[in-house]
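Chain residues, written in single-letter form:
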Amino acid sequence: DGGITQSPKYLFRKEGQNVTLSCEQNLNHDAMYWYRQDPGQGLRLIYYSQIVNDFQKGDIAEGYSVSREKKESFPLTVTSAQKNPTAFYLCASSLPILSSGNTIYFGEGSWLTVV
Amino acid sequence: GIQVEQSPPDLILQEGANSTLRCNFSDSVNNLQWFHQNPWGQLINLFYIPSGTKQNGRLSATTVATERYSLLYISSSQTTDSGVYFCAVATNAGKSTFGDGTTLTVKP
């Protein structure tokens with residue numbers, strides 16, 4: 001089945017450690033996104049990528065890094081510089097952003113807890 | 001950037017009741033979607049509706065682009081409708097902006 005796979009589902013991190021969240025899609029979508037969701041709140045955009053080897057900062061990029069070496073993959077690294085990383089992280093993808101009619105599809109999310 | 005406001009923030013209904021959720025946005029958009037987030041965090045696409053009206057079973061949505069708002073109607077609500085409903089919009093800049101959501105609780 002086509003879709004977006006995020007891993008791990010649950011992750012615990014010690015303070016000062018970098019962690020990488022995986023996102024893979026087999027929908028042949030050009031655009032991919034990472035969102036952060038805090039309890040009881042909406043989604044905030046961390047980074048997005050419209051094409052391989054290119055990505056742009058979203059609204060809350062500080063303390064995060066991404067890469068887009070393959071169309072299918074858009075991993076997110078939560079660095080030690082992120083002061084409050086405990087949150088729910090959602091990866092998404094869509095057809096080229098500027099096309100009309102594109103729909104964003106989401107993975108099941110990854111819960112990150114700092115211990 | 002574009003601002004997205006959803007109302008009401010919380011809504012409690014008895015099973016069988018109808019409801020209307022609203023999404024206001026501050027600029028012209030070329031993409032508007034409604035999502036339902038279930039208790040496990042999964043976001044489910046409900047509608048892609050930058051303008052006009054669509055219906056899918058007990059759910060329907062209307063977007064009036066010229067007046068910069070969209071409405072999501074839920075009729076004969078069921079307990080499984082509970083969760084958070086998000087509106088997301090995108091402009092020519094490409095990235096989508098989400099509202100803060102409406103939390104719906106349907107009681108049996």
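So, how was this worked out
- Residues numbered from 1 in each chain as written.
- Chains lettered and ligands numbered in written order.
- Predicted model: local features only at pLDDT ≥ 70, side-chain atom pairs only at ≥ 80, totals over all residues.
- Heavy atoms only, no water.
- Helix = DSSP H or I, 4+ residues; strand = E, 2+ residues; numbered from the N terminus.
- Buried < 20%, exposed > 50% of the residue type's maximum accessible area, 1.4 Å probe, protein only.
- Contact = heavy atoms within 4.5 Å.
- Areas by Shrake-Rupley, 256 points an atom, 1.4 Å probe, with all protein chains shown as cover.
- Pairing = 2+ DSSP bridges.
- Axes fitted to C-alpha atoms, helices over the stretch in contact; angles between N-to-C directions.
- Buried area = accessible area lost by both parts, 1.4 Å probe.
- Polar contact = N/O pair within 3.5 Å; in protein donor to acceptor, adjacent residues only side chain to side chain.
- Nonpolar A, V, L, I, M, F, W, Y, C, P; charged D, E, K, R; others polar.
- Salt bridge = Lys/Arg side-chain N within 4 Å of Asp/Glu carboxyl O.

## Observations regarding the overall build of chain A
Looking only at helices and strands, chain A features 0 helices and 11 strands. Along chain A, from the amino end to the carboxyl end, the secondary structure elements read β-β-β-β-β-β-β-β-β-β-β. Across the 115 residues of chain A, 48% fall into the buried class. Long-range pairs, those at least 24 residues apart, make up 53% of the contacts in chain A with a sequence separation of at least 6. For chain A, the exposed area adds up to about 5,600 Å²; of that, 48% sits on carbon and sulfur atoms.

## So, the sheet that holds strand S3 (residues 19–25) of chain A
Residue and element names in this part refer to chain A. The strand order across the open sheet formed by 4 strands is S1-S3-S8-S7, and the pairing between neighbours is antiparallel. The sheet is open, and its two edges are formed by strand S1 (4–7) and strand S7 (64–66), each paired on a single side. Between one strand axis and the next, the sheet turns by 20 degrees as a mean value, whatever way the strands run. As defined by bridge partners, S3 adjoins strand S8 (residues 76–78) across 3 bridges and the pair is classed as antiparallel. Bridge pairing links Leu-21 to Leu-76 in S8.

## A look at the interface of chain A and chain B
Taken residue by residue, the interface counts 22 residues in chain A and 19 residues in chain B. Summed over both sides, the interface between chain A and chain B buries roughly 1,700 Å², with carbon and sulfur atoms accounting for 50% of that surface. The interface formed by chain A and chain B holds 4 residue pairs in polar contact (both at pLDDT 80 or more) in total. At the level of elements, strand S4 (31–37), strand S5 (43–51), strand S9 (87–94) and strand S10 (105–106) of chain A are the ones that each hand at least two residues to the side of chain A that touches chain B. If one sorts the elements of the side of chain A that touches chain B by residue count, S5 of chain A sits on top with 3 residues. Here the side of chain A that touches chain B is composed, by residue class, of 11 nonpolar, 8 polar and 3 charged.

## What about the pattern of salt bridges?
Two side chains bearing opposite charge may form a pair once their charged atoms approach each other closely. According to the stated counting rule, one finds 4 salt bridges over all chains in the structure shown. With a shortest N-O distance of 3.7 Å, Lys-71 of chain A and Asp-30 of chain A are connected by a salt bridge. Here Lys-71 of chain A is found in the loop between S7 and S8, whereas its partner Asp-30 of chain A is found in the loop between S3 and S4, with 41 residues between them in sequence. Residue classification places Lys-71 of chain A among the partly exposed positions, given a relative accessible area of 22%. Across the salt bridge formed by Arg-58 of chain B and Asp-81 of chain B, the nearest N and O atoms sit 2.9 Å from each other. Taken as a pair, Arg-58 of chain B in the loop between strand S6 (52–56) and strand S7 (59–64) and Asp-81 of chain B in the loop between strand S8 (69–74) and strand S9 (83–90) lie far apart in primary sequence, 23 residues in all. Taking relative accessible area as the criterion, Asp-81 of chain B reaches 7% and is therefore assigned buried. In this structure, a network of salt bridges that share partners links the residues Arg-36, Asp-38 and Arg-44 of chain A.

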